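Per-entry structural report
Given next are the chains, with one letter for each unit.
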Amino acid sequence: MDTRLLRSFLAVVRTGNITAAAGELTFAQSTVTAHVQALERLAGTRLLDRHPAGVTPTHAGTRLAEHARQLLDLEDRMFAEVADRRPAGPVRLYAPESVCAYRLPSVLREITRRLPEVRLTLVPAPTRTAVRALGERQADLALALEPSIRYSTVDSVDLGRQRISLVAPPDTPLPRTRAITAAELTEAGVLLLERGCGYNDELAEMVADTPPRYGGVEVVKRCVEAGLGLALLPTVTVAPELEAGRLVELRSPPIARYHLWLLRGREQWASPAVEAVAELLTTLCT
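Residues numbered from 1 in each chain as written. Predicted model: local features only at pLDDT ≥ 70, side-chain atom pairs only at ≥ 80, totals over all residues. Heavy atoms only, no water.

1. Topic: the pairing of strand S1 (residues 48-51)
- Note: S1 against strand S2 (residues 54-57), four bridges, orientation antiparallel. From the neighbouring strand, Arg-50 faces S2, where its bridge partner is Val-55.
- Following S1, the chain reverses through two residues before pairing antiparallel with S2. (Pairing = 2+ DSSP bridges. Helix = DSSP H or I, 4+ residues; strand = E, 2+ residues; numbered from the N terminus.)

Given below as structure tokens:
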């Protein structure tokens, strides 16, 4: 079997759209359509339900997709084992925006120095997106900032606790000697990161009656400096502002303890490049 048929089919299942799958694979749309049709002829059954909004896999398509992922893993493993075993080739790493911007630049520089033949791609993503990408073979590794990992499809390594800070502008009237209450949070207003960010979801639950405003880490920090509200952010992302006095740290209401986790797909074979990058991430991020 031409495994390109499987790769096209999985891209369509993942994106829910033949046009989007073609763009992801850099194929013509007609090529992806032909691949899916050829696979349906081989399977002897319809694999996709077509509808105006896109496509969804049939029951047979869902089952075939599970086997296709295993077969493509086996193909990758086969070629890796008969080739040079030096770490080389692509590695796709998903991680939260705050980790991408503030923890990984120096780590990636060291990985590039030690593994010059590895092509590392970094994708900012919250945990749920990263776990889904691992399951769909779009990610090889992922980093997550969570209290614990409870996904049955991934294996995890604890890289250590990460401090989280509740920050405010320097002229805040709020006290610094005790924990801020939910009522004080609501009155002051909060600025939140994207949905799916665990510690911000905890903060949002404390001020459920206040319309949240979402943005990236840098946008949220600048808005806090401007006096538009409070924010809960990893301490590493606000360390320069705290040191310079542009932000101050308050005692937050009780929240979970967050750790940085290295995630890998439980059923997914890892190339020598992926293994080498995982080992370095474990060493350099701990």
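From this point on, the discussion continues.
2. Some thoughts on the side chain of Arg-137
- Note that Arg-137 resides in the loop between helix H7 (127-135) and strand S5 (141-146).
- Not counting chain neighbours up to four residues away, the residues in contact with Arg-137 comprise Arg-7, Arg-69, Leu-72, Asp-73, Asp-76, Arg-92 and Gln-268. (Contact = heavy atoms within 4.5 Å.)

3. Here's the deal with a nonpolar patch on the surface
- Judged by side-chain polarity, Met-1, Leu-42, Leu-71 and Leu-74 come together as a nonpolar surface patch covering roughly 440 Å² of accessible area.
- With respect to the element layout, Met-1 can be found in the segment before helix H1 (3-15). (Patch = residues over 30% accessible without salt bridge, like charges linked within 9 Å, V, L, I, M, F, W, Y side chains within 5 Å. Areas by Shrake-Rupley, 256 points an atom, 1.4 Å probe, with all protein chains shown as cover. Salt bridge = Lys/Arg side-chain N within 4 Å of Asp/Glu carboxyl O.)

4. Details of the environment of Thr-286
- Looking at where Thr-286 falls in the secondary structure, it is placed in the segment after helix H12 (272-284).
- Owing to a relative accessible area of 66%, Thr-286 belongs among the exposed residues under this scheme.
- For Thr-286 and Leu-159, which are 127 residues apart along the polypeptide, the C-alpha to C-alpha distance reads 4.7 Å.
- With sequence-adjacent residues up to four places away left out, Thr-286 is seen in contact with Leu-159 and Leu-281. (Buried < 20%, exposed > 50% of the residue type's maximum accessible area, 1.4 Å probe, protein only.)

5. Remarks on the UniProt feature "domain: HTH lysR-type" (unreviewed entry) in the chain
- Residues annotated by UniProt as "domain: HTH lysR-type" (unreviewed entry) correspond here to residues 1-58.
- End-to-end, the C-alpha atoms of residues 1-58 are 21 Å apart, and along that stretch the chain is 62% helix and 14% strand. (UniProt positions renumbered as here; feature names shortened; annotations may be inferred.)

6. Describing the packing of aromatic side chains
- Summed over the entire model, instances satisfying the criterion amount to one aromatic pair.
- Here Tyr-199 and Tyr-258 contribute two aromatic rings whose centre-to-centre distance is 5.7 Å and whose plane-to-plane angle is 90°, an arrangement assigned as edge-to-face. Here the residue Tyr-199 occupies a position in helix H9 (residues 198-206), and Tyr-258 occupies one in strand S12 (residues 258-265), the gap between them amounting to 59 residues. (Phe/Tyr/Trp six-rings, centres within 6.5 Å; stacked < 30°, edge-to-face > 60°.)

7. Examining the sheet that holds strand S11 (residues 248-250)
- Taken in spatial order, the three strands make up an open sheet running S10-S7-S11, and their pairing is antiparallel. The outermost strands of the open sheet, each flanked by one partner alone, are strand S10 (231-234) and S11. With strand direction ignored, the average angle separating the axes of adjacent strands in the sheet is 50°.
- Relative to S10, strand S7 (residues 164-168) runs antiparallel, the two being bridged by four bridges. Each residue of the ladder has a partner; that of Ile-164, found in S10, is Pro-234.
- Strands S7, S10 and S11 of the sheet are contacted by helix H11 (residues 235-244), whose axis makes an angle of about 105° with S10. (Axes fitted to C-alpha atoms, helices over the stretch in contact; angles between N-to-C directions.)

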